[in-house]
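# Structural overview for review
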Amino acid sequence: MSNNATSNNAGQPLGGTAIKPVGWDRTGWEAFRYMLYDPDTGKVLTRTPLSWLKIFVFYCIYYSCLAAFWLACLQVFFLTVPTDHPKWTLEDSIIGVNPGVGMKPPMSDKRIDSSLYEFSLEDSSTTPTNKEGEGEKNIDLKTRMDLFMAKYNNNSGLNDCTDNNDSNKGKCIFDMSTLGECNSENNYGYLPVGADKTIEPCFFLKLNKIYGFNPEPITEADFADYPEMDEKFKGQIKNATEPAVFFNCFGRFPADIEATKFEFFPENQAVSLKYFPFKGGNYQSPMVAVKVSAAEGQLVHIECRAYYKGVVHDKKDKMGLIQFEVLIN
């Protein structure tokens, strides 16, 4: 009996009883047509209508729950973030309480990372490269400065403040007249004037904005911490009539000291503390203008520092100061 079974199955290959599905041999257009719609089973794109309905309902529920979860997390996040001021300020923030010194005019976009201001004594053109002043002509610097100064025409939410005790402290209109002859009418000193074609450019110094930063005035007791102060500048601080932040500029190297002279507007080199603290909204940063007289054809290196109680000057991180170069040729 065993021999008969062996004899009967000897001609059948192993696995020969496997059942092949209907349509296994379809190819080409026929296979594609059956994939789109199979008339034997009613499947559309390999699924029955009921299967498509089930998967559609599943993903509607799944993504609805996912969106609800995301919105709930977002709402919890917003509950922890103040809407009218930064969550972390002053000592608790990364920025801290030692602002850098900002300076205008701004550089062109092409040279945004440069600190070299170059003026040509032969460039008397009064036509900027374009309306944004995005060029390297003398008049382009004036155009960019005009665009920056235009922001000071917006006085919404600001007040005329009398002094540091004003109830509107920090929301004051900046008095542009304190900038003296460093104004648009004089081209900020960027164009050559007179028969000898001299250029004495004006630069505008301000503290970078830090929310809630309210500096205290520097006093004589602090002079020992800043050995770079000259006697003239110390006198400005001693003779101050109101609490203020002071600015001073000097040549960085001996050759620069000999080749440069500075004239400040206002003359006391200060901005009143009535403009602090910054509390968001419309704000006019107070500025000190410095007119630079530099030797023709000599690259001069200049450093300007802010002075208030506790300020730290760090050349590496540009804390409390700014460095730039001027070339008039």
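The rules behind these values
- Residues numbered from 1 in each chain as written.
- Predicted model: local features only at pLDDT ≥ 70, side-chain atom pairs only at ≥ 80, totals over all residues.
- Heavy atoms only, no water.
- Pairing = 2+ DSSP bridges.
- Helix = DSSP H or I, 4+ residues; strand = E, 2+ residues; numbered from the N terminus.
- Axes fitted to C-alpha atoms, helices over the stretch in contact; angles between N-to-C directions.
- Contact = heavy atoms within 4.5 Å.
- Buried < 20%, exposed > 50% of the residue type's maximum accessible area, 1.4 Å probe, protein only.
- Patch = residues over 30% accessible without salt bridge, like charges linked within 9 Å, V, L, I, M, F, W, Y side chains within 5 Å.
- Areas by Shrake-Rupley, 256 points an atom, 1.4 Å probe, with all protein chains shown as cover.
- Salt bridge = Lys/Arg side-chain N within 4 Å of Asp/Glu carboxyl O.
- Phe/Tyr/Trp six-rings, centres within 6.5 Å; stacked < 30°, edge-to-face > 60°.
- Lys NZ or Arg CZ within 6 Å of the ring centre and 35° of its normal.

## Side note on the sheet that holds strand β6 (residues 244-251)
One open sheet holds the 5 strands; their spatial order is β4-β11-β10-β6-β8, and the pairing between them is mixed. Each having just a single partner strand, β4 (116-119) and β8 (270-272) make up the two edges of the open sheet. The mean inter-strand angle of the sheet, taken between neighbouring strand axes irrespective of direction, is 20°. For strand β10 (residues 300-307) and strand β11 (residues 321-328), the ladder comprises 6 bridges, and the chain directions are antiparallel. Residue pairing across strands places cysteine 304 opposite isoleucine 322, the latter belonging to β11. Taken strand by strand, helix α5 (residues 231-238) contacts β6 and β10, and its axis lies near 170° from that of β6.

## Digging into the sheet that holds strand β9 (residues 288-294)
The strand order β3-β5-β9-β7 describes an open sheet built from 4 strands, whose pairing is antiparallel. Of all the strands in the sheet, the pair left with one neighbour each is β3 (101-104) and β7 (260-265). Taken pair by pair, the neighbouring strands of this sheet meet at an average axis angle of 30°, ignoring direction. The pairing of strand β5 (residues 202-207) with β9 spans 4 bridges and is classified as antiparallel. Residue pairing for β9: cysteine 202 is matched across the bridge by lysine 291.

## Description of the pairing of β9
Taking burial as the measure, the 7 residues of β9 include 6 buried ones, the bulk of the element. Where β7 and β9 come together, 6 bridges link them in antiparallel fashion. Its bridge partner being in β9, phenylalanine 262 is matched across the sheet by valine 292.

## Overview of a nonpolar patch on the surface
The grouping of Trp29, Phe32, Met35, Leu36, Tyr37, Val44, Leu45 and Trp52 at the surface amounts to a nonpolar patch, some 760 Å² of accessible area in total. Here valine 44 lies in strand β2 (residues 43-44). By relative accessible area, which is 33% here, valine 44 ends up partly exposed.

## With respect to the packing of aromatic side chains
The tally for this structure, following the rule as stated, stands at 23 aromatic pairs. When the ring of tyrosine 226 is compared with that of tyrosine 307, the centres are 5.5 Å apart and the planes differ by 90°; the resulting orientation is edge-to-face. Placement of tyrosine 226 in the loop between β5 and α5 and of tyrosine 307 in strand β10 is noted, with a sequence separation of 81 residues between them. For tyrosine 226, a relative accessible area of 8% corresponds to the buried category. A relative accessible area of 0% means that tyrosine 307 is categorised as buried. Three or more aromatic residues joined by ring pairs make a cluster, and in this case those are Tyr117, Phe119, Tyr188, Tyr190, Phe203, Phe204 and Phe324. If you follow arginine 47 out to its NZ or CZ, it ends over the ring of tryptophan 52, 5.8 Å from the centre. Over the ring of phenylalanine 278 we find lysine 209, and its NZ or CZ is 5.0 Å from the ring centre.

What is shown is where atoms sit, not what they do.
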